[in-house]
Amino acid sequence: MTSVGYDPAAPGAELERRGIRLGDVLFQGVALAASVAATALLGLIAYQVFSDAWPAIEQFGLSFVWTEAWDPVKDTYGALTFVYGTVVTSIIALLLATPLSIAIALFLTEIAPRRVAAPIATLVELLAAVPSVVLGLWGILVFGPWVRDTLEPWLQSFLGWCPLFSGEPSQAGMLPAALVLTIMIIPITSAICRELFSRTPRDLMDGAMALGSTRWEAIRGVMFAYAAPGIAAAVLLGLGRAFGEAIAVNQVIGGANSIHISLFAPADSLGSRIAAQYQGATSALQASSILYLGAILMVISLVTNVLAQVIVRRFERSRRAY
Amino acid sequence: MTTIPSDDRYDITVRSAGLRRRKLTEKAYAGLAVASAVIAVAILALVLGTVIHRGLSALSLDFFTKPRPLFGQAGGIADALVGSALIVGMAMVMAIPFSILVAIFMSEYAGPRLSVALRIVLDVLNGVPAIVVGIFVFGLLVVGRGQSAIFGAFSLAVLMLPMVARATQEVLEIVPRSLREASLALGVTRWRTTVSIVLPTAIGGILTGVVIAVARVAGETAPLLFTSSIAANQVSTDVTHALPTLPVSIFVFSESPDPNEQAMGWAAALVLILFVLVLNIVAKVVAARQRRRSEGA
Amino acid sequence: MKRAALATFALVVALALAAVAGQAQASSSAAKDTQLVGTGATFPFPLISKWIPEVGKAYGINITYSPTGSGAGIAGITARTVDFGASDAPLSDQQLTDCKGCVVIPWALAAVSIPYNLPGLNGRVHLNGATLANIYLGTITSWNDRAIKKLNPKLSLPDTKITPVYRSDGSGTTFAYTAYLSAVSKQFSSRVGNNTSVNFPTGVGARGSSGVAGVVKSTPGALTYVDAAYSIQNKLQFAMIQNRAGRFTTPGLRGITQAVSTLPKKITSPAQLKIVDPPKAAGPLAYPISTFTYVILPTSSAKAAELRKFVYWAVTQGQKFGPPLFFVPLPTSVKAYAYRELAKVKVAA
């Protein structure tokens, strides 16, 4: 096992005399190669998607992103409907999921006794483990009809004056898709928040309470301030997840071709449109337009992801002062 | 901290007129927090409960032994089970050694700057949506060659790589430097140190990372739609062609108007959820053991 | 314990690898030649499902068919990721060029039914092309609209909103249906047009014939266009459509047979096989939304022999499985055209 003693006849002995061990060099080389390959993979993904989208990028330019069109008959395409759908469903999901996630994390770290917190934490994590296609299955067969028959009429009864809640209730549309995304984001965001809250230095909290604040005031004043960048990162990560979800959204969003104001109406998102139409594009331009959608999706996911990381790293450094 | 009776007459803390209101606010927010947790648990119970309730009724021996049905016939998920097992298995073989090597490079050989750069690369890879990975593998491999289970496995491996690599790297960093230094001091080569000393110490965490990654990709549908969705309605182990998989089958069943196919969708979802849940529980147990072991040591 | 777990894990992985290696070797030598992989239209899937076991029995050819939509079928065969593609829409000139040597062979004939979800209605809904076009254009939005009431004087139509459901994937059924609507409505033709994938201004999209049938089944007031076999399989009521003779007809065998009765004696291209909106001379019961469905084969393929056996069987003996599923056996002139095109499929050099 150990190479005690120097054997001049052994292979690699010449190198070893100079302090270079063959095994080490090889191993390091292999590990380096793997790392280079991993980096190259990322570059390759970006390159492949962009080069496949290039014909559409060349044809339509950047205005593709804000053009509302998707007409295979006239062979003109634009991404606005899907960018709108992606952004609206994700923002609604975020607005609903963030306070819920923070509240759940607070419950688990501050309020619940340990015996209750552990199983509930496990349960919330198990929600994260539910595959998106299963949530979509539940969405089509159970949740969608419930939204159409119960939730949307109820919302319309007192919010019907608002164009967002006008129109006919439908089991496939922006609202069911946003709600399904909410269910998907909650476990991720609440897990990160829980980590953050449990890592808040106790002496900060105790100090605040010693000064006479109630527990909620201490949480609001100290814990949130301490965890704010982390929460922002968690929100961004949840947002990135919501942007990228294609399957469950495709199952409940209704595949519309144009933008409708009402949240009840069918819509479509970037990922969902790609999943629905990529395999059956009628022309090369449609195929590369769909890939252009993929490129847009990749870019916005990357941006939110990188933003989240920048925030985490930036504030990790400043937090080290504690 | 002793609790003083909240009678304001004996309140020796700072007399603020709003104390009652502040306490009410405290109670209100606590109530909201509890309600949120209840909502989360309720949603989970709802989803899981529906899957179990509707899925159980469709479970039968036929379900596990017959392949997917053709139009208007009865069937099961035997072919999808075999296909999923093969594809996930191949994805593990492709991803795990690769990920571990990357993690080793990051923790053992790379300088701090390079390590951070690689960490960023992995985190960015982690954030690439599964459907983008799907169209990437489609454009790179499937076009001109046809779908195959191997390409499907490759797309899942791409998804697994950042998860396993980051988990491994984090665990490797926890291994105390003194362990490595002692081994090197004894004359063990650097690579042997890593392979025989550092890795085995970290194996619990690596296993946890692997199990969680497998649980995640076992349910991924989008990449498989592009790489392994045109498959025969029969049990096959030919990995050079596309194989049916559990997530894609669920996806197809979910859109069907046929109540029999919908029932099969629920049952398949039940099988998938059980598999994923079991894996998550295994990961937790292993992680807890690891923690106990390192705390006790 | 950990070591045991690790060992088991390694063993499982090794076994998986061995199984994979063994299979790859076995399959590479044996079954590859007698396996045909195809994808495409969901429209003929009921009939193809009947064909697959029969062809297996007759020739030992193992056929895999995945219904992904005509668009995916055309794309698949163009990229040669499958051995044959199926589509209800014939290839356009551009698609034929892109396909680099493909033949388009009609192999089945059926009709696009218009199922709807109006529970408890006292009769079957009668519709015509103009009304359907307006429904899908969004100008008619509820079931008790004047235009629909005029066609159905005896029905007590509710004021339920109509939800038109369309195919979100590339679909040959969409091609046939929009061909019909474009023929009967100038507004539809200019605003939406005729293609496997069009920009429907209103309604809900769903994937595959199954998907649209599923949405109609679960949504009161919904209506869609789908192969008749799917309507029947899912017990959906379908509408009677008015033809040029003024009669309201159903997508049954007689309706389809009359719709193709005015085909020329010699067929030279799929363009002659457009049978939507047939003329009055076709017959009083002609159903206006009938369509052929095609298989697309490469003219040069390593599996040409198996493909020819399969398609020849489908066009001849396979036709007898059609009628229970509302597929009409191919007319003689079409069969002759199919044989001629099939002869162009040759083994790759």
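Residues numbered from 1 in each chain as written. Chains lettered and ligands numbered in written order. Predicted model: local features only at pLDDT ≥ 70, side-chain atom pairs only at ≥ 80, totals over all residues. Heavy atoms only, no water.

(A) Examining the environment of Ala-267 of chain B more closely. All names here are of chain B. Mapped onto the elements, Ala-267 comes out in helix 11 (residues 259-296). Judged by its relative accessible area of 0%, Ala-267 is buried. Residues Ala-267 and Gly-76, 191 residues apart in the sequence, show an inter-C-alpha distance of 9.4 Å. In contact with Ala-267, other than residues within four places in its own chain, are Gly-55, Ala-58, Leu-59 and Phe-63. (Helix = DSSP H or I, 4+ residues; strand = E, 2+ residues; numbered from the N terminus. Buried < 20%, exposed > 50% of the residue type's maximum accessible area, 1.4 Å probe, protein only. Contact = heavy atoms within 4.5 Å.)

(B) Structural view of the interface of chain A and chain B. Opposite the 73 residues of chain A that make contact, chain B presents 75 residues. For the interface between chain A and chain B, the tally reads one salt bridge. With its nearest N and O atoms 2.4 Å apart, the salt bridge here joins Lys-284 of chain B to Glu-125 of chain A. At the boundary of chain A and chain B, one finds five residue pairs in polar contact (both at pLDDT 80 or more). Those elements that place two or more of their residues in the side of chain A that touches chain B are helix 2 (22-60), helix 3 (80-111), helix 4 (114-129), helix 5 (132-159), helix 8 (215-244), helix 9 (247-253), helix 10 (270-277) and helix 11 (284-319) of chain A. It is helix 2 of chain A that contributes the most residues to the side of chain A that touches chain B, 19 residues altogether. Among the residues making up the side of chain A that touches chain B, the classes are represented as 46 nonpolar, 20 polar and seven charged. (Salt bridge = Lys/Arg side-chain N within 4 Å of Asp/Glu carboxyl O. Polar contact = N/O pair within 3.5 Å; in protein donor to acceptor, adjacent residues only side chain to side chain. Nonpolar A, V, L, I, M, F, W, Y, C, P; charged D, E, K, R; others polar.)

(C) Quick peek at the state of the cysteines. Residue and element names in this part refer to chain C. Under the definition given, this model contains one disulfide over all chains. The disulfide partner of Cys-99 is Cys-102, and the gap between their sulfur atoms is 1.8 Å. Across the disulfide from Cys-99 to Cys-102, rotation about the S-S bond amounts to roughly -65°, and the bridge is consequently left-handed. Look at Cys-99 and you get buried, because its relative accessible area is 1%. Residue class for Cys-102 comes out buried when judged on its relative accessible area of 11%. (Disulfide = S-S within 2.5 Å.)

(D) Structural detail: the sheet that holds strand 12 (residues 240-242) of chain C. Residue and element names in this part refer to chain C. Taken in spatial order, the three strands line up as 6-12-13 in an open sheet, and their pairing is mixed. Looking at strand neighbours, the two that pair on one side only are strand 6 (126-127) and strand 13 (248-249), the edges of this open sheet. Here two bridges tie strand 12 to strand 13, and the two strands are oriented antiparallel to one another. Paired with Ile-241 across the two strands is Thr-249, which belongs to strand 13. (Pairing = 2+ DSSP bridges.)

(E) Region of the structure containing the interface of chain C and chain A. Taken together, the contacts link 28 residues of chain C with 24 residues of chain A. Here chain C packs against chain A, burying approximately 1,900 Å² in sum over the two surfaces, 45% of which is carbon and sulfur. Counting across the chain C and chain A interface gives zero salt bridges. Going through the elements one at a time, helix 3 (70-78), helix 8 (186-191) and strand 8 (204-206) of chain C are the ones with two or more residues in the side of chain C that touches chain A. By residue number, the principal contributor to the side of chain C that touches chain A is helix 3 of chain C, which donates three residues. (Buried area = accessible area lost by both parts, 1.4 Å probe.)

(F) Main features of the confidence of the model for chain C. Across chain C, pLDDT averages 89, with 90% of residues at or above 70. Note on residues 22-32 of chain C: pLDDT under 50 across the span, and eight contacts to partners over four residues away in sequence or across chains. (pLDDT = per-residue confidence, 0-100.)

(G) Representation of the sheet that holds strand 14 (residues 290-298) of chain C. All names here are of chain C. Here six strands make up an open sheet; going across it, the order is 2-1-3-14-4-10 and the pairing mixed. Of all strands in the sheet, those with a lone pairing partner are strand 2 (62-67) and strand 10 (226-227), marking the two edges. Pairing of strand 1 (residues 35-40) with strand 3 (residues 84-87) involves three bridges; the strand directions are parallel. When the sheet's bridge partners are listed, Thr-39 is paired in strand 3 with Gly-85. Against the sheet, helix 3 makes contact with strand 1, strand 3 and strand 14, and its axis sits at roughly 150° relative to strand 3, the strand it touches most. (Axes fitted to C-alpha atoms, helices over the stretch in contact; angles between N-to-C directions.)

(H) Up close: the packing of aromatic side chains. Tallying each qualifying case throughout the model produces 32 aromatic pairs over all chains. Here Trp-70 of chain A and Phe-82 of chain A contribute two aromatic rings whose centre-to-centre distance is 5.2 Å and whose plane-to-plane angle is 90°, an arrangement assigned as edge-to-face. Of this pair, Trp-70 of chain A sits in strand 1 (residues 70-71) while Phe-82 of chain A sits in helix 3, placing them 12 residues apart in sequence. Taken together, the ring pairs connect Phe-60, Phe-64, Trp-70, Tyr-77, Phe-82 and Tyr-292 of chain A into an aromatic cluster. Between the NZ or CZ atom of Arg-192 of chain B and the centre of the ring of Trp-191 of chain B, over which it lies, the distance is 5.6 Å. Over the face of the ring belonging to Phe-238 of chain C we find Arg-124 of chain C, whose NZ or CZ atom lies 4.9 Å from the ring centre. (Phe/Tyr/Trp six-rings, centres within 6.5 Å; stacked < 30°, edge-to-face > 60°. Lys NZ or Arg CZ within 6 Å of the ring centre and 35° of its normal.)

(I) Seen up close, the domain arrangement of chain C. Residue and element names in this part refer to chain C. Domain assignment breaks chain C into domain 1 (2-110 + 292-347) and domain 2 (113-282). For domain 1 versus domain 2, the separation of C-alpha centres amounts to 29 Å. Taken residue by residue, the interface counts 28 residues in domain 1 and 31 residues in domain 2. Taking both sides of the interface into account, the surface hidden between domain 1 and domain 2 amounts to around 2,200 Å²; carbon and sulfur atoms contribute 70%. The largest contributions to the domain 1 side of the interface with domain 2 come from Thr-42, Phe-326 and Tyr-337, which together make up 25% of the buried area. (Domains from an automatic or database assignment.)

(J) Region of the structure containing unusual backbone geometry. Residues and elements named next belong to chain C. For Arg-80, which is not glycine, the phi dihedral falls at a positive 55°. Structurally, Arg-80 can be placed in the loop between helix 3 and strand 3. The phi dihedral of Phe-326 falls on the positive side, at around 70°, and the residue is not glycine. Summarising the element assignment, Phe-326 is placed in the loop between helix 12 (304-315) and helix 13 (332-342). Assessed through its relative accessible area of 24%, Phe-326 is described here as partly exposed.

(K) Main features of empty space enclosed by the protein. Under the definition given, this model contains six cavities of 30 Å³ or more. Taken as a whole, the largest cavity holds about 730 Å³ of empty space. If you list the elements that add at least two residues to the lining of the largest cavity, you get helix 10 of chain A, helix 9 (222-227) and helix 10 (246-254) of chain B together with strand 2, helix 9 (208-218) and helix 10 (228-233) of chain C. In the lining of the largest cavity, the residues fall into 19 nonpolar, 19 polar and six charged. (1 Å grid on protein atoms, 1.4 Å probe; cavity = no way out; pocket = protein on both sides within 12 Å on 5 of 7 lines; lining within 4 Å. Points joined across faces, edges and corners; volume = space filled by probe spheres on them.)

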